[in-house]
Amino acid sequence: MASAGGGGSRGTRSLLQFLRLVGQLKRVPRTGWVYRNVEKPESVSDHMYRMAIMAFVTEDKHLNKDRCVRLALVHDMAECIVGDIAPADNIPKEEKHRREKEAMKQLTQLLSEDIKKEIYDLWEEYENQSSDEAKFVKQLDLCEMILQASEYEDLENRPGRLQEFYDSTAGKFSHPEIVQLVSELIAQRNAKITAGNGEPHS
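Residues numbered from 1 in each chain as written. Predicted model: local features only at pLDDT ≥ 70, side-chain atom pairs only at ≥ 80, totals over all residues. Heavy atoms only, no water.

## Section: the UniProt feature "domain: HD" (unreviewed entry) in the chain
Just so we agree on the cut-off: UniProt positions are given in the numbering used here, feature names are shortened, and annotations may be inferred rather than shown by experiment. Secondary structure elements follow DSSP: runs of H or I of four or more residues count as helices, runs of E of two or more count as strands, with numbering from the N terminus.
As recorded in UniProt, the sites labelled "domain: HD" (unreviewed entry) are residues 44-146. Along residues 44-146, the helical share is 72% and the strand share 0%, with 15 Å between the first and last C-alpha atoms.

This is the structure in structure tokens:
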């Protein structure tokens, strides 16, 4: 953290501004749920928190767990400025990346040099999928999303309603722990769909 000077220290003021900005993630709803009329949709920070916990409890000794937790906490940070841009918004991938890159520069500018570089580099690592840890956290991102979809289906008592989220992630899981988790999640969900007289989905 910035050195604690008197109330007027520039470093402390900047840090407080950074914390206020990041705090906005508590009030940015996840767009995918909003578009599908989910009542009281989760925030971006809700999503990132559970992802960080998922990274924390991984058993994979080949991954740098600490780095995975940090990647999970940073990967959607830009959304406190640009909002949660969903595929349905039809914003080209390059434009989304450009906006988020500018937001990350703006955000990290408020921090001391070391922390600024660490956070920005972690964000780029995730964006470029340039490490095993980044690839793992990307799969956590998708896994957390379908887990949340399943929970919304349970809350609404409408098994199978959010099938498109499952369809969009099909074939995207390769890490053994996540594959097992997704397999169990889908098995439980299919049982509920069948019990609700729907058809099970693969």
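## Section: the side chain of Thr 31
Just so we agree on the cut-off: Residues are treated as being in contact if the distance between any of their heavy atoms lies within 4.5 Å.
Along the chain, Thr 31 turns up in helix 2 (residues 31-35). Not counting the four nearest positions on each side in its chain, Thr 31 is found in contact with Asp 84, Ala 86 and Asp 89.

## Considerations on the packing of aromatic side chains
Rule in force here: Between rings of Phe, Tyr and Trp, where Trp is taken as its six-membered ring, a pair exists when centres lie within 6.5 Å; planes separated by under 30 degrees are stacked, by over 60 edge-to-face, and by other angles tilted. Partly exposed residues are those whose accessible area sits between 20% and 50% of the maximum for their type, while under 20% is buried and over 50% is exposed, using a 1.4 Å probe and protein chains only. Remark: a charge is flagged as sitting over a ring if the NZ atom of Lys or the CZ atom of Arg is within 6 Å of the ring centre and within 35 degrees of the ring normal.
A complete count under the given rule lists three aromatic pairs for this structure. Summarising the aromatic geometry, the rings of Tyr 120 and Trp 123 are spaced 5.9 Å apart at their centres and angled 45° between planes, so their arrangement reads as tilted. On the criterion of helical spacing, the pair formed by Tyr 120 and Trp 123 is a turn pair, its members being three residues apart in helix 7 (residues 113-128). For Tyr 120, a relative accessible area of 13% puts it in the buried group. Taken together, the ring pairs connect Trp 33, Tyr 152 and Phe 165 into an aromatic cluster. Stacked on the ring of Tyr 166, the Lys or Arg Arg 189 has its end atom at 3.8 Å from the ring centre.

## Thoughts on the pattern of salt bridges
Here is the rule we go by: For this document, the term salt bridge refers to a Lys or Arg side-chain nitrogen within 4 Å of an Asp or Glu carboxyl oxygen.
Scanning the entire structure with this criterion turns up 17 salt bridges. Across the pair Arg 36 and Glu 164 runs a salt bridge, and its minimum N-O distance is 2.8 Å. Taken as a pair, Arg 36 in the loop between helix 2 and helix 3 (44-56) and Glu 164 in helix 9 (residues 163-169) lie far apart in primary sequence, 128 residues in all. Overall, Arg 36 belongs to the partly exposed group, its relative accessible area being 22%.

## Notes on the side chain of Arg 30
Let me state the cut-off plainly: Any N or O atom pair separated by 3.5 Å or less is treated as a polar contact, with the protein-specific requirement of one donor-capable and one acceptor-capable atom, and with residues adjacent in sequence counted only for side-chain atom pairs.
The residue Arg 30 is located in the loop between helix 1 (10-23) and helix 2 in this model. Engagement of the side chain of Arg 30 in a polar contact is seen with the side chain of His 47, the distance being 3.4 Å.

## Looking at the nonpolar core
For clarity, the cut-off: Working definition of a nonpolar core: buried Ala, Val, Leu, Ile, Met, Phe, Trp, Tyr and Cys residues. They are joined through side-chain atoms within 4.5 Å.
Counting 49 residues, the largest nonpolar core has Phe 18, Trp 33, Met 104, Val 137 and Ile 146 as its most contacted members. Per-element accounting of this core gives the leading share, ten residues, to helix 8 (residues 132-156). Apart from residues no more than four positions distant in its own chain, Val 137 is found in contact with Met 51, Cys 68, Leu 71, Ala 72 and Tyr 126.

## Details of a nonpolar patch on the surface
We apply this condition: Each patch groups residues whose relative accessible area exceeds 30% and which form no salt bridge, using 9 Å between like charges and 5 Å between nonpolar side chains of Val, Leu, Ile, Met, Phe, Trp and Tyr. Areas reported here follow the Shrake-Rupley algorithm with a probe of radius 1.4 Å; residue values treat only the protein chains shown as occluding.
On the surface, Tyr 49, Ile 53, Phe 56 and Val 57 cluster together to form a nonpolar patch covering roughly 430 Å² of accessible area. Summarising the element assignment, Phe 56 is placed in helix 3.

## Looking at the packing of helix 3 against helix 8
The test is simple: Axis definition: a line fitted to C-alpha atoms, over the contacting stretch in the case of helices. Angles run 0 to 180 degrees between N-to-C directions. Here roughly perpendicular refers to angles of 65 to 115 degrees, roughly parallel to angles under 35, roughly antiparallel to angles over 145, and oblique to all remaining angles. What makes a crossing left-handed is the near helix being turned counterclockwise from the far one by less than a right angle; a clockwise turn instead makes it right-handed. In this classification, Asp, Glu, Lys and Arg are treated as charged, Ala, Val, Leu, Ile, Met, Phe, Trp, Tyr, Cys and Pro as nonpolar, and every other residue, Gly included, as polar.
Running from N to C, helix 3 and helix 8 point in directions that differ by 120°, and their axes come no closer than 9 Å. By the angle between their axes, helix 3 is oblique relative to helix 8. Crossing handedness for the pair helix 3 and helix 8: right-handed. Contacts between helix 3 and helix 8 pair His 47, Arg 50, Met 51, Met 54 and Ala 55 from the former with Phe 136, Val 137, Leu 140, Asp 141, Cys 143, Glu 144, Leu 147, Gln 148 and Glu 151 from the latter. Tallied by class, the residues present in the contact of helix 3 with helix 8 amount to eight nonpolar, two polar and four charged.

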